[in-house]
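# An overview of the molecular structure
So you can see what is in the structure, the chains are spelled out below.
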Amino acid sequence: MPLPELAQAHTDLDDEDVAWLQLLQADWQIIADLSFADLVLWLPDRAGTGFWAGGQMRPTTGPTAYVDDIIGSFAPTGRRPLVDQAYAEGRLVREGDPEWRDDVPVRNETIPVRRAGRVIAVVGRHTNLLGVRTPSRLELSYLQTAADLTQMIAAGYFPAPGPRSDHADSPRVGDGFLRVDDQGRVVYASPNALSAYRRLGLSGDLTGLVLTDLTRDLVPPRQRPDEETLSAVLGGRAHRDTELGTPSVALIVRSIPLRPHGEHIGALVLVRDVTDLRRRDRELVTKDATIREIHHRVKNNLQTVAALLRLQARRMDSPDAKAALEEAVRRVGSIALVHETLSQTVEENVDFDEVADRLGTMVTDVGSSEDGVGARVRREGSFGVMSSDAATALAMVLTELVQNAVEHGQPGLTEIVVGAHREGDVLRVRVDDDGAGLPAGFDLDGSSSLGLTIVGTLVESELGGRLTMGPGPGGRGTRAEIDARLG
């Protein structure tokens, strides 16, 4: 159960309390990784009889202490005495002896979560001691930073108010870790952080350097943020991130100021090399632009073909030949409409409602049959979004059916209604007209009409459906129905 729903169902936490806990969860992967420990968020039951597990996070830097998920479970008062104590006394609580869980020794600690002077929840920190060894300098830096952050949680200084910071590009602890002092000078840099800065052009070590000054020297002004942002993030004064780099390297830098006892003592700075990610982004943008340009050119070429066919039709003396060329103009134009729509979007899908509306107008405008003059095309319902292949086939089908209604609906034709009903991948389409209706003895399977042959073939082969035709509503006019599957 998501945190908001669980809190509403079992606790007295208000919306601001829940929002604070969600901000904490946005950043607690960092705390779990720095601590080499699992984190569990415990919410106080409104009846005061225990705590509900509202969230859980496993470390990526060490073995987990919880093989199974415990979100949504209830711990009555007394079952987890450290949680009871941290909540009641509002302080960090550490036990002496480890707890054995599934043959694994686990060290337990609890951290009160304070907001606006109140303890609103408790975070349990659980370390699998089988993964503990003599710590390296990197691990000692991780643990010290984790201790500072947990002190901030208990004092109400963390998380920082503002928008969530767990976006897809956000750096993680393993990407690159730096610890800076209150002057913005690097106290410790992980090997990954050092590698990232060496890609920017650093030739020596990071330790002892002022990170803001160093970055200003390595990164051209056009490819770094404004001076205020640069100083705030790299100096460790603001809880935020920024992107910077050179023409060949892109980094995201994220800062979390540290003030475990209220005064600023430095910051945790995470660095992620996103060079390859940005290169792929540029390739995708270029690919999308190329695809749109191809659709645009196909549309232009089809319109040129339609114009040539129209010119040829005007020079024909035979009425049948002229009508055949004009039908070809409409068919080419319906395909061109789909490519025009695709040329205006980054997706290879088409919102078909606009195409259908424009097809209706095109058929009645382009058609030269005087009998069709004055017929109005109206759409009911929505076709929704579909693939370009399905859209091309359906555009041809609608063009033929509407044109068929225009040509054969007289006398009496005034309106053509195109109805659409979509349920997932199943699309039902109907084309109703109020015209003269079908001729006596009409048989769709035996029809020699080229247009209906095209429709039947496209519906069956491209749309995986079937076409039926019969009298319209109330026995007046004609109805053509299509059941198609777009998946």
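Look a little higher up for the structure.
From a predicted model like this one, the values you see are computed outputs, not experimental measurements.

## With respect to the overall build of the chain
Counting its secondary structure elements, the chain contains twelve helices and 19 strands. Relative to the globule expectation of 23 Å for 487 residues, the C-alpha radius of gyration of the chain, 34 Å, shows a markedly less compact shape. Taken over the C-alpha atoms alone, the chain extends approximately 100 × 60 × 40 Å along its principal axes. In the chain, which comprises 487 residues, the proportion classed as buried is 48%. For the chain, contacts bridging at least 24 residues in sequence account for 59% of all contacts bridging at least 6. As displayed, the chain offers around 23,500 Å² of accessible surface, 50% of which is attributable to carbon and sulfur atoms.

## What about the packing of aromatic side chains?
Evaluation of the coordinates by the stated rule reveals six aromatic pairs. An aromatic cluster is present here, built from Phe-36, Tyr-142, Phe-177 and Tyr-188 joined pairwise through their rings.

## Digging into empty space enclosed by the protein
One pass over the full model with this rule turns up two cavities of 30 Å³ or more. Taken together, Glu-327, Arg-330, Arg-331, Thr-399, Glu-400 and Gln-403 make up the full set of residues lining the second largest cavity. Elements with a minimum of two residues in the lining of the second largest cavity: helix H9 (319-342) and helix H11 (388-408). Across the lining of the second largest cavity, the residue classes break down as no nonpolar, two polar and four charged.

## Some remarks on the layout of surface pockets
Size it by volume and the largest pocket reaches roughly 430 Å³. What lines the largest pocket is a set of 24 residues, and nearest its centre among them are Asn-404, Ala-405, His-408, Ser-449 and Leu-452. For the lining of the largest pocket, the element with the most residues is H11, which contributes seven residues. Per-class residue counts for the lining of the largest pocket are eleven nonpolar, eight polar and five charged. Roughly 370 Å³ of volume is contained in the second largest pocket. Every residue lining the second largest pocket is counted, 19 residues in all, and those nearest its centre are Ser-35, Phe-36, Thr-127, Val-132 and Leu-143. Elements with a contribution of two residues or more to the lining of the second largest pocket: strand E6 (104-115), strand E7 (118-128) and helix H4 (137-155). Per-element tally for the lining of the second largest pocket: the top contributor is H4, with four residues. Each residue belonging to the lining of the second largest pocket can be placed in one class, and the counts come to eight nonpolar, six polar and five charged.

## Details of the environment of His-261
Note on placement: His-261 falls in the loop between strand E11 (249-258) and strand E12 (266-273). Given a relative accessible area of 69%, His-261 falls into the exposed group. The residues touching His-261, leaving out its near neighbours within four places in the chain, are Gln-151 and Tyr-157.

## Focus on the nonpolar core
Membership of the largest hydrophobic core comes to 43 residues, with the highest contact counts inside it found for Phe-352, Phe-383, Met-386 and Leu-398. Residue assignment for this core shows that the elements contributing at least two residues are H9, helix H10 (352-366), H11, strand E16 (415-423), strand E17 (426-433), helix H12 (450-461), strand E18 (466-471) and strand E19 (478-485). Counting residues per element, this core draws most heavily on H11, which supplies twelve residues. Excluding anything up to four places from it in sequence, Leu-398 contacts Phe-352, Ala-356, Leu-359, Phe-383, Val-418, Val-429 and Val-431. Residues Leu-6, Ala-32, Leu-41 and Ala-146 belong to the second largest nonpolar core, which totals 39 residues.

## Considerations on unusual backbone geometry
Following Phe-158, the chain continues into Pro-159 via a peptide bond in cis, with omega recorded as 10 degrees. Located in the positive-phi region is Ala-116, a residue other than glycine, with phi close to 55 degrees. Residue Ala-116 is classed as exposed on the basis of its relative accessible area, which comes to 68%.

## Side note on the sheet that holds strand E10 (residues 240-246)
With antiparallel pairing, the five strands of this open sheet are ordered in space as E9-E8-E12-E11-E10. Taken across any chain shown, the strands that pair with only one partner, and hence form the sheet edges, are strand E9 (186-189) and E10. Strand after strand, the sheet turns through a mean of 25 degrees between neighbouring axes, direction not considered. In this sheet, E9 lies alongside strand E8 (residues 177-181) in antiparallel orientation, the contact comprising three bridges. Considered in E9, the bridge of Leu-178 is made with Ala-189. Here helix H5 (residues 191-200) sits on the sheet in contact with E8, E9, E10, E11 and E12, set at roughly 135 degrees to E11.

## Things to note about the side chain of Asp-353
With respect to the secondary-structure elements, Asp-353 resides in helix H10. Note on Asp-353: relative accessible area 14%, which makes it buried. Not counting chain neighbours up to four residues away, the residues in contact with Asp-353 comprise Arg-379, Ser-382, Phe-383 and Gly-384.

## Observations concerning the sheet that holds E16
Strand order in the open sheet formed by five strands is E14-E16-E17-E19-E18, with mixed pairing between adjacent strands. Because the sheet does not close on itself, it has two edges, and the strands there are strand E14 (376-381) and E18. Each neighbouring strand pair of the sheet contributes to a mean axis angle of 15 degrees, computed without reference to strand direction. As judged from the six bridges shared by E14 and E16, these two strands associate in the parallel manner.

## Points about the packing of helix H1 (residues 3-10) against helix H2 (residues 15-35)
When two helices pack together, you describe them by how their axes are tilted relative to each other and by the distance separating the axes. As a packed pair, H1 and H2 sit with axes 10 Å apart at the nearest point and diverge in direction by 145 degrees. Considering only the axes of H1 and H2, their crossing is right-handed. Seen from H1, the contacting residues are Leu-3, Pro-4 and Ala-7; seen from H2, they are Val-18, Leu-21, Gln-22 and Gln-25.

## Describing the pairing of E7
Counting buried positions along E7 gives ten out of eleven residues, so the element sits mostly inside the fold. For strand E1 (residues 38-44) and E7, the ladder comprises five bridges, and the chain directions are antiparallel. Paired with Trp-42 across the strands is Val-122, a residue of E7. Inspection of the sheet shows E6 paired to E7 by ten bridges, in the antiparallel sense. Directly across from Pro-112, in E7, lies its bridge partner Val-122.

## As for H1
Within the span of H1, buried status applies to Leu-3, Leu-6 and Ala-7. What you see down the axis of H1 is that its buried residues fit within an arc of 100 degrees, all on one side. Those residues of H1 that are buried lie in contact with H2, E1 and strand E2 (50-57).

Cut-offs and rules
Residues numbered from 1 in each chain as written. Predicted model: local features only at pLDDT ≥ 70, side-chain atom pairs only at ≥ 80, totals over all residues. Heavy atoms only, no water. Helix = DSSP H or I, 4+ residues; strand = E, 2+ residues; numbered from the N terminus. Rg over C-alpha atoms; globule rule 2.2 N^0.38 Å. Buried < 20%, exposed > 50% of the residue type's maximum accessible area, 1.4 Å probe, protein only. Contact = heavy atoms within 4.5 Å. Areas by Shrake-Rupley, 256 points an atom, 1.4 Å probe, with all protein chains shown as cover. Phe/Tyr/Trp six-rings, centres within 6.5 Å; stacked < 30°, edge-to-face > 60°. 1 Å grid on protein atoms, 1.4 Å probe; cavity = no way out; pocket = protein on both sides within 12 Å on 5 of 7 lines; lining within 4 Å. Points joined across faces, edges and corners; volume = space filled by probe spheres on them. Nonpolar A, V, L, I, M, F, W, Y, C, P; charged D, E, K, R; others polar. Core = buried A, V, L, I, M, F, W, Y, C linked by side-chain atoms within 4.5 Å. Pairing = 2+ DSSP bridges. Axes fitted to C-alpha atoms, helices over the stretch in contact; angles between N-to-C directions. Left-handed = near helix turned anticlockwise from the far one by under 90°. Arc of directions from axis to C-beta.

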